[in-house]
Amino acid sequence: RKYRLRVLNGSNSNFYRLSFAEGPGFHAISSDQGLLGAPVALKRLQLAPAERADLIVDFRQHAGKKLTLISDMRQLMQFRVSAQSAPDKSLLPGTLHPVRRISETKAIKTRRLTLDEHLDWANQSTEVLLNNTPWSMPITENPVIDTTEIWELVNLTADSHPIHLHLVRFQILDRRPFDVMEYLRTRTMRFIGDAAPPEADEAGWKDTARADPGMVTRIIVPFEGFTGRYVWHCHILEHEDNEMMRPYEVLAAKETSGI
């Protein structure tokens, strides 16, 4: 029968690329913050640390077989499918829950925020930072309640970073490659390719976005619900515990004078 698998990547730092070694596909029906607009047929699903997904796997065509869930060549889990079917009247609908895409024109501010890494003389990493700023420095991200912003995550490192914002949900706009060395030398942004929209399984509401190396990953964020101080950070544990975390503060409208 069909099963719904609710998947969380709870690893410190592993990125998983989930597929079945024997070849069957599956459908993604949700991302971090709820249902997608429609089921997405996949052969492989990539999840960074902290990302979540709900998957529908139909085992009916594999009665009596063993299926192995893998990440690249790493075996993760074996499913032993009964030779006898179970009653299953469920249907996978063509549409799920409408996801209203946020227009970029709704954003009142765009912030360009870098992901940085410092290396020692032996080219070993000594520090990773957000916007080249340690945790203890004054807050520089101070959105206003009930407004929308675009955050441009400029990855200057050689790693992918799952960037997580507390309090909010957001949508991924696109990813676009840029000339990293030119940016490091001159702080000039020169794009070297076209912007790519999010993958279909990323097109719902998110709270964690994969910022790939050499890419500007843009997210659009409505700051709704609560004012106060929260954090945004890389969800690789060893990175967030070593300064790749920053506070941000959502202000009431009356607090914005002079900001």
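What counts as what
- Residues numbered from 1 in each chain as written.
- Predicted model: local features only at pLDDT ≥ 70, side-chain atom pairs only at ≥ 80, totals over all residues.
- Heavy atoms only, no water.
- Pairing = 2+ DSSP bridges.
- Helix = DSSP H or I, 4+ residues; strand = E, 2+ residues; numbered from the N terminus.
- Axes fitted to C-alpha atoms, helices over the stretch in contact; angles between N-to-C directions.
- Core = buried A, V, L, I, M, F, W, Y, C linked by side-chain atoms within 4.5 Å.
- Buried < 20%, exposed > 50% of the residue type's maximum accessible area, 1.4 Å probe, protein only.
- Contact = heavy atoms within 4.5 Å.
- Phe/Tyr/Trp six-rings, centres within 6.5 Å; stacked < 30°, edge-to-face > 60°.
- Lys NZ or Arg CZ within 6 Å of the ring centre and 35° of its normal.

J.: Before we move on, could you go through the sheet that holds strand β4 (residues 34-42) and cite the residues and values that matter?
T.: The strands making up a sheet associate through hydrogen bonds between their backbones, and the pairing can be parallel or antiparallel. Here four strands make up an open sheet; going across it, the order is β1-β6-β3-β4 and the pairing antiparallel. Strand pairing shows two members of the sheet lacking a second neighbour, β1 (2-8) and β4, which therefore form its edges. Taking each pair of neighbouring strands and ignoring which way they run, the sheet shows an average axis angle of 25 degrees. Bridge analysis of strand β3 (residues 26-31) against strand β6 (residues 52-58) gives three bridges, and the strand direction is antiparallel. The residue of β6 that forms the bridge with A28 is L55.

J.: Break down the nonpolar core for me, with residues and values.
T.: Counting residues in each nonpolar core, the largest one holds 25 residues, and the members touching the most others are W151, I163, L165, F170, I219 and W232. At the level of elements, β9 (107-119), β10 (125-130), β11 (147-155), β12 (161-165), β14 (208-211), β15 (215-223), β16 (228-234) and β17 (245-250) are the ones that each hand at least two residues to this core. Top contributing element to this core by residue count: β15, with three residues. The residues touching F170, leaving out its near neighbours within four places in the chain, are I163, L165, G204, W205, K206, D207, T208, A209, I219, I220, V221 and P222. In terms of nonpolar packing, the next biggest core, distinct from the first, is built from 19 residues, L36, L55, F59 and L69 among them.

J.: Could you give an account of unusual backbone geometry, with specific residues and numbers?
T.: Positive phi is not limited to glycine here, since D72 has a value of about 55 degrees. Within the fold, D72 resides in the loop between β7 (66-71) and β8 (74-80). The partly exposed category is assigned to D72, whose relative accessible area is 35%.

J.: Could you give an account of the packing of aromatic side chains, naming the residues involved and the relevant values?
T.: Each aromatic ring pair is summarised here by two numbers: the centre-to-centre distance and the angle between the ring planes. Tallying each qualifying case throughout the model produces 10 aromatic pairs. Ring geometry for F20 versus F26: centroids 6.2 Å apart, planes at 75 degrees, classification edge-to-face. This pair shows no difference in class: F20 is buried, exactly as F26 is. For the ring pair W151 and W232, a centre distance of 5.2 Å and an interplane angle of 70 degrees mean the geometry is edge-to-face. Of this pair, W151 sits in strand β11 while W232 sits in strand β16, and the two are 81 residues apart along the sequence. Here the two residues W151 and W232 agree in accessibility, since each one is buried. Ring pairs connect the aromatic residues Y3, F20, F26, F59 and F79, which therefore count as one cluster. Taking the ring centre of Y3 as reference, the NZ or CZ of R1 above it sits at 5.8 Å.

Fair warning: the whole summary comes from geometry, so function is off the table for now.
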